[in-house]
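# Examining the three-dimensional arrangement
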Amino acid sequence: MCGNFERLKKLYEKIVLKFENNPQASGVKVDPSCKNAYDLLHNKHQHSYIIFKIDKNDTAIVVEKVGDKNAPYSEFVDEMKKLVEDGKECRYAAVDVEVTVQRQGAEGTSTLNKVIFVQYCPDNAPVRRRMLYASSVRALKASLGLESLFQVQASEMSDLDEKSVKSDLMSNQRI
């Protein structure tokens, strides 16, 4: 009995180490267009959002939709609703969110733009898709440098409510 436990423990550790040391543990690669689009969003503010998906062959994360520069947050939510087929599909997104803040010691308010990362995996999506998206997110975050971004994990569209997202964003930021 003790020998079986040790073998299972070693197997478990081998699997865990494989996934921890390999950001592409799912085998899904990140298409170079994702990095190009993200750089235009983050560095040059040429887009308001980018929606990413895993392609139909389950081999690569690709750009599915790019929002125009001045598109409102509500357009991003509307596009997500269209693309996720009534909550049966998962998606990733990077969204440039504009927030108004009152800085300590300053008069008036300031407007800031913060890029957030969204991982949308609805409960109605097939288990295999949810697992694939969950195991592939590290590859996308690592290749785009998203580790330090505020992250929204959504399982339903109401989790993407603009006021709620902005409130959570501001409560987690130093200004």
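Residues numbered from 1 in each chain as written. Predicted model: local features only at pLDDT ≥ 70, side-chain atom pairs only at ≥ 80, totals over all residues. Heavy atoms only, no water.

Per an unreviewed UniProt entry, the protein is named ADF-H domain-containing protein, and its organism is Caenorhabditis brenneri. Turning to the protein, the UniProt record has this under Sequence similarities (unreviewed entry): "Belongs to the actin-binding proteins ADF family." (UniProt positions renumbered as here; feature names shortened; annotations may be inferred.)

Quick look at the pairing of strand β5 (residues 110–120) now. As defined by bridge partners, strand β4 (residues 91–101) adjoins β5 across 11 bridges and the pair is classed as antiparallel. The residue bridging A93 from the neighbouring strand is V118, located in β5. Alignment of β5 against strand β6 (residues 150–154), held across five bridges, turns out to be parallel. The partner of Q119 across the bridge, within β6, is Q153. (Pairing = 2+ DSSP bridges. Helix = DSSP H or I, 4+ residues; strand = E, 2+ residues; numbered from the N terminus.)

Here we take up the sheet that holds strand β2 (residues 49–54). Strand-to-strand pairing in sheets goes through backbone hydrogen bonds, with the strands running parallel or antiparallel. Reading across from one edge, β1-β3-β2-β4-β5-β6 is the order of the six strands in this open sheet, with mixed pairing throughout. Looking at the sheet topology across the chains shown, the edges are occupied by β1 (29–30) and β6. Helix α5 (residues 162–171) rests against β4, β5 and β6 of the sheet, and its axis sits at about 75 degrees to β4. (Contact = heavy atoms within 4.5 Å. Axes fitted to C-alpha atoms, helices over the stretch in contact; angles between N-to-C directions.)

Turning next to the pattern of salt bridges. Counting across every chain of the model gives eight salt bridges. The partner of D58 in a salt bridge is R128, and the shortest N-O contact between them spans 2.8 Å. With D58 in the loop between β2 and β3 (60–66) and R128 in helix α4 (residues 127–144), this pair connects stretches of sequence that are 70 residues apart. Overall, the relative accessible area of 18% leaves D58 in the buried class. Accessibility expressed as a relative area gives 56% for R128, which makes it exposed. E79 serves as the salt-bridge partner of K82, at 3.3 Å between the closest nitrogen and oxygen. Residue K82 and its partner E79 are located together in helix α3 (residues 73–83), separated by three residues, close to a single helical turn. Using a relative accessible area of 13% as the deciding quantity, one classes E79 as buried. Connected via shared salt-bridge partners are D58, E64, E89, R91, R128 and R129. (Salt bridge = Lys/Arg side-chain N within 4 Å of Asp/Glu carboxyl O. Buried < 20%, exposed > 50% of the residue type's maximum accessible area, 1.4 Å probe, protein only.)

What follows deals with helix α2 (residues 32–42). Taken as a whole, α2 has its buried residues at C34, A37, Y38 and L41. Buried positions in α2, seen along its axis, are confined to an arc of 100 degrees and lie on one side of it. Residues of α2 that are buried sit in contact with β1, β2, β3, β4, β5 and α4. (Arc of directions from axis to C-beta.)

Right, let's talk about the pairing of β2 for a bit. A large share of β2 lies buried, amounting to five of its six residues. Pairing geometry for β2 and β4, over four bridges, is antiparallel. Among the inter-strand pairings, F52 is bridged to a residue of β4, identified as Y92. Inspection of the sheet shows β2 paired to β3 by five bridges, in the antiparallel sense.

Turning next to the environment of V101. Structurally, V101 can be placed in strand β4. With relative accessibility at 7%, the residue V101 sits in the buried group. Taking the C-alpha atoms as reference points, V101 and T111, 10 residues apart in sequence, are found 6.3 Å from one another.

With that out of the way, let us pick up unusual backbone geometry. Phi at H45 is positive, roughly 50 degrees, even though this residue is not glycine. Take H45: it is sitting in the loop between α2 and β2. Taking the relative accessible area as the measure of exposure, H45 reaches 33% and is therefore partly exposed. In the Ramachandran plot, D58 falls in the positive-phi region, its phi being about 60 degrees despite a non-glycine side chain.

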